Amino acid sequence: MAFGFPNGTAARAQPTVVGGRVFVGSQSGDVYALDAATGCTIWTFRAAAGVRTAITLGPRASGGTTAYFGDSRASAYAVDAATGALIWTRKVESHRSASITGSPTLYQDRLYVPVSSGEEGQGGNPQYECCTFRGSVAALNAATGEVIWQTYTI
């Protein structure tokens, strides 16, 4: 199977293959569920920013399967894995350079989301006050997206 990302020049998200489907995000913010055998698009979801994380799948207490991922503006998402319908989205970090590039991890009823940044890219801007970002890990309620806790690494 081959798949071209429309208007894309880079692919930075690892694909996830489950149940005959390939789930993958793109730099444009589009997340795709593809038929693994044919490459045909089953659904597409548009995130607010580029998606560099692998898609994490897990069961919902109410039934069905949820696909979780993060975007390059530090928002986490939960969408229905069968239809691509949005279940919830949550801004995990407000720093302007914050990003989610590591894959969310689901354990029981919590989604663990690593938060990083691209702050080093601001180094060439003489008006930018350096080193204001702190990396973190946030635990979200997998059903609602509510932040349960967030701990900073620096």
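For the structure, see preceding data.
Small disclaimer: the values here were computed from a predicted structure and weren't measured.

Engineer: Looking at this structure, I do not really get the side chain of D71. What am I missing?
Structural biologist: Considering the arrangement of structural elements, one finds D71 in the loop between β6 (65-70) and β7 (75-80). Not counting the four nearest positions on each side in its chain, D71 is found in contact with A48, A49, G50, V51, Y77, S99 and I100.

Engineer: Got a minute to help me understand the packing of aromatic side chains in this structure?
Structural biologist: In this description, a pair of aromatic rings is defined by centroid distance and the angle of the planes. Applying the stated rule across the entire model yields seven aromatic pairs. Between F45 and Y77, the aromatic rings sit 5.8 Å apart at their centres with planes inclined by 70°, giving edge-to-face as the arrangement. Placement of F45 in strand β4 (residues 41-46) and of Y77 in strand β7 is noted, with a sequence separation of 32 residues between them. For the pair shown, F45 and Y77 are each scored as buried. An aromatic cluster is built from F45, F69 and Y77, whose rings are joined through pairwise contacts. Just above the ring of Y152 sits the side chain of R134; from NZ or CZ to the centre is 3.7 Å.

Engineer: Hey, could you run me through the nonpolar core in this one?
Structural biologist: The tendency in soluble globular proteins is for nonpolar side chains to be buried side by side. Of all hydrophobic cores here, the largest spans 15 residues; its most connected members are A76, W88, V92 and L140. Looking at this core element by element, the count peaks at three residues for strand β11 (residues 110-117). For A76, the residues in contact, after removing those within four places along its chain, are F69, G70, W88, T89, R90, V92, I100, V113 and L140. Counting 13 residues, the second-largest nonpolar core is a separate cluster that includes F23, V31, A33 and F45.

Engineer: Looking at this model, I keep getting lost on the pairing of β6. Mind explaining?
Structural biologist: As a general feature of sheets, a regular strand has side chains that alternate between the two faces. Counting buried residues along β6, five of its six residues qualify, which places the element largely inside the surrounding structure. As defined by bridge partners, strand β5 (residues 56-59) adjoins β6 across four bridges and the pair is classed as antiparallel. What sits directly across from L57, in β6, is A67. Taken together, β5 and the strand that follows it, β6, pair antiparallel across an intervening segment of five residues, in which G63 is found at a positive phi of about 105°. Between the antiparallel neighbours β6 and β7 lie four residues, among them A74 with a positive phi of about 70°.

Here is what the cut-offs are and how they apply
Residues numbered from 1 in each chain as written. Predicted model: local features only at pLDDT ≥ 70, side-chain atom pairs only at ≥ 80, totals over all residues. Heavy atoms only, no water. Helix = DSSP H or I, 4+ residues; strand = E, 2+ residues; numbered from the N terminus. Contact = heavy atoms within 4.5 Å. Phe/Tyr/Trp six-rings, centres within 6.5 Å; stacked < 30°, edge-to-face > 60°. Buried < 20%, exposed > 50% of the residue type's maximum accessible area, 1.4 Å probe, protein only. Lys NZ or Arg CZ within 6 Å of the ring centre and 35° of its normal. Core = buried A, V, L, I, M, F, W, Y, C linked by side-chain atoms within 4.5 Å. Pairing = 2+ DSSP bridges.

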